[in-house]
Amino acid sequence: MLENAVLAPAKLRQEAVDQAWQNLTAPGALLTAAERQQVIRDARAAWAGASQPNPDSGVAGEAAHWLAADAEGLRADIIADFVDRGLDRLRYLETVGVVGRLSNVDFYVRALGASELPLPTPSTVAPTGTIDPEAALTNMWVPTVGQTYAPHVVDALPNEGDAVRDLHEPMYVLMTSVGDASHQDVLSKSQIEYMAARTSYLNECFY
């Protein structure tokens, strides 16, 4: 029984990684598959130790590099500069999503001792263009959906929001179990929260 309990979450996580990889390397809401895959290359180069962005990748590559290398160093004026140089805020938001979910996929794969997943041949299908009609720029750096006090960032691009949740739940906990202190996976809920909080702290991330 214990073996089955361990294998089931692991299988779900692997399926989530496979699904996330297909999504990351495919066309998005505003970025083509080739553009999303270049974001992946730029982020991976930053994690591998590149000190500066690839000059051939333009402003989108610059954003991807700093999101991977120094996300906590980004400021409102830097994002405004990206916009002034041609990377609109929704395309920047999509880039944030790609780098964020890529970190989950790549670091998970590395932790298992496996090689990074190889990039496929980019699809030539056009981006979906799906944007929530209520997405608006308020007091955040990117357009959001909902009240100013607690806006939903990922849902400005609905498909990206779905992709976040599809990866979030198998890697963390079902949203319906977030408040359940008795939840038990391979780890207890307390152990899960301790690891999440510690990782967040080390990455200087709000949690």
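Definitions and cut-offs
- Residue indices begin from 1 for each chain and proceed along its sequence in written order.
- In keeping with the predicted nature of the model, local features appear solely for residues at pLDDT of at least 70, side-chain atom pairs appear and are counted solely at 80 or more, and the whole-chain, interface and lining totals rest on all residues.
- Side-chain calculation: all heavy atoms of the structure are included, whereas hydrogens and water are not.
- The rule is short: rings of Phe, Tyr and Trp, with Trp giving its six-membered ring, pair when the centres are within 6.5 Å, and they are stacked under 30 degrees, edge-to-face over 60, tilted in between.
- Secondary structure elements follow DSSP: runs of H or I of four or more residues count as helices, runs of E of two or more count as strands, with numbering from the N terminus.
- Exposure is judged per residue with a 1.4 Å probe applied to protein chains only, and the accessible area is read against the type maximum: over 50% gives exposed, under 20% gives buried, and values in between give partly exposed.
- When a carboxyl oxygen of Asp or Glu lies within 4 Å of a side-chain nitrogen of Lys or Arg, that pair is called a salt bridge.
- Two residues form a contact once any of their heavy atoms are found within 4.5 Å.
- A residue's pLDDT is the confidence the predictor assigns to it, expressed on a 0 to 100 scale.
- Within this scheme, the nonpolar core is defined by two criteria: the residues are buried Ala, Val, Leu, Ile, Met, Phe, Trp, Tyr or Cys, and they are joined through side-chain atoms within 4.5 Å.
- The charged-residue count follows a simple rule in which Lys and Arg add positive charge and Asp and Glu add negative charge, with His and chain termini not counted at all.
- Here a polar contact means two N or O atoms within 3.5 Å. Within protein one must be a hydrogen donor candidate and the other an acceptor candidate, and residues neighboring in sequence count only if both atoms are side-chain atoms.
- Convention adopted: a line fitted to C-alpha atoms gives each axis, helices being fitted over their contacting stretch, and angles between N-to-C directions are expressed from 0 to 180 degrees.
- Working definition: roughly parallel below 35 degrees, roughly antiparallel above 145 degrees, roughly perpendicular at 65 to 115 degrees, and oblique for all remaining angles.
- Here a crossing is called left-handed whenever its near helix is offset anticlockwise from the far helix by less than a right angle, and right-handed whenever the offset is clockwise.
- All residues other than Ala, Val, Leu, Ile, Met, Phe, Trp, Tyr, Cys, Pro, Asp, Glu, Lys and Arg, Gly among them, are scored as polar; the first ten of these are nonpolar and the last four charged.

**Student:** It is not clear to me how the packing of aromatic side chains should be interpreted in this structure. Could you clarify?
**Tutor:** How two aromatic rings sit relative to each other is given by the distance of their centres and the angle of their planes. Applying the stated criterion across every chain, the model contains 2 aromatic pairs. Ring geometry for Phe82 and Tyr92: centres 6.1 Å apart, planes at 45 degrees, overall tilted. Here Phe82, found in helix 4 (residues 76–84), pairs with Tyr92, found in helix 5 (residues 89–111); they are 10 residues apart in sequence, far enough to count as distant. An identical accessibility class is assigned to Phe82 and Tyr92; each is buried.

**Student:** When you look at the pattern of salt bridges in this model, what are you seeing that I'm missing?
**Tutor:** When the charged atoms of two side chains lie near each other, side chains of opposite charge can form a pair. Following the criterion strictly, the structure yields 13 salt bridges and no others. Arg36 serves as the salt-bridge partner of Glu94, at 2.7 Å between the closest nitrogen and oxygen. You can see Glu94 sitting in helix 5 and its partner Arg36 sitting in helix 2 (residues 33–47), a full 58 residues away along the chain. Judged on exposure class, the residue Glu94 and its partner Arg36 are both buried. Here the residues in one salt-bridge network are Arg36, Glu94, Arg101 and Glu160, joined through shared partners.

**Student:** Which parts of the structure should I look at to understand the side chain of His65?
**Tutor:** Mapped onto the secondary structure, His65 falls in helix 3 (residues 58–70). Taking the relative accessible area as the measure of exposure, His65 reaches 2% and is therefore buried. Once you skip the residues sitting within four places of it in the chain, His65 turns out to touch Asp42, Ala46, Ala50, Ser51, Gln52 and Pro53.

**Student:** For this particular structure, what's the right way to read the confidence of the model for the protein?
**Tutor:** Do not read the predicted coordinates in detail wherever pLDDT is low. Within the protein, residue pLDDT values average 86, and 90% of them lie at 70 or more. Across the protein, the element-wise mean pLDDT spans from 73 in helix 1 (residues 2–24) up to 97 in helix 2. Throughout residues 1–7 the model reports pLDDT below 50, and contacts reaching past four residues in sequence, or to other chains, amount to 1 contact.

**Student:** Mind showing me how you'd approach the nonpolar core here?
**Tutor:** What tends to happen in soluble globular proteins is that the nonpolar side chains get buried as a cluster. Membership of the largest hydrophobic core comes to 33 residues, with the highest contact counts inside it found for Leu24, Phe82, Tyr92, Val99 and Val105. Listing elements by their share of this core, those giving two or more residues are helix 1, helix 2, helix 3, helix 4 and helix 5. Counting residues per element, this core draws most heavily on helix 5, at 9 residues. Non-local contacts of Tyr92, meaning those with residues more than four positions away in its chain, are made with Ala63, Leu67, Leu74, Ile79, Phe82, Leu87 and Val142.

**Student:** I keep staring at the side chain of Asp42 and nothing clicks. Help me out?
**Tutor:** Mapped onto the elements of the fold, Asp42 is located in helix 2. The buried charged residue Asp42 lacks any salt bridge, with Arg41 as its nearest oppositely charged partner at 7.6 Å. Of note is the side chain of Asp42, whose polar atom sits 3.0 Å from the side chain of Ser57. Those residues within four positions of Asp42 in sequence are excluded, and the remaining contacts are Asn54, Ser57, Gly61, Ala64 and His65.

**Student:** What should I look at first to understand the packing of helix 2 against helix 5 in this one?
**Tutor:** Each pair of packed helices gets described by two things: the angle between the helix axes and the distance between those axes. Interhelical geometry of helix 2 versus helix 5 gives an angle of 55 degrees and a closest axis separation of 10 Å. The angle between the axes of helix 2 and helix 5 places the two elements in the oblique class. As helix 2 packs across helix 5, the resulting crossing turns out to be right-handed. From helix 2, Glu35, Arg36, Val39, Ile40, Ala43, Arg44 and Trp47 reach across to helix 5, where they touch Arg91, Glu94, Thr95, Val98, Val99, Arg101, Leu102, Ser103, Asp106, Phe107 and Arg110. The class makeup of the residues in the contact of helix 2 with helix 5 is 8 nonpolar, 2 polar and 8 charged.

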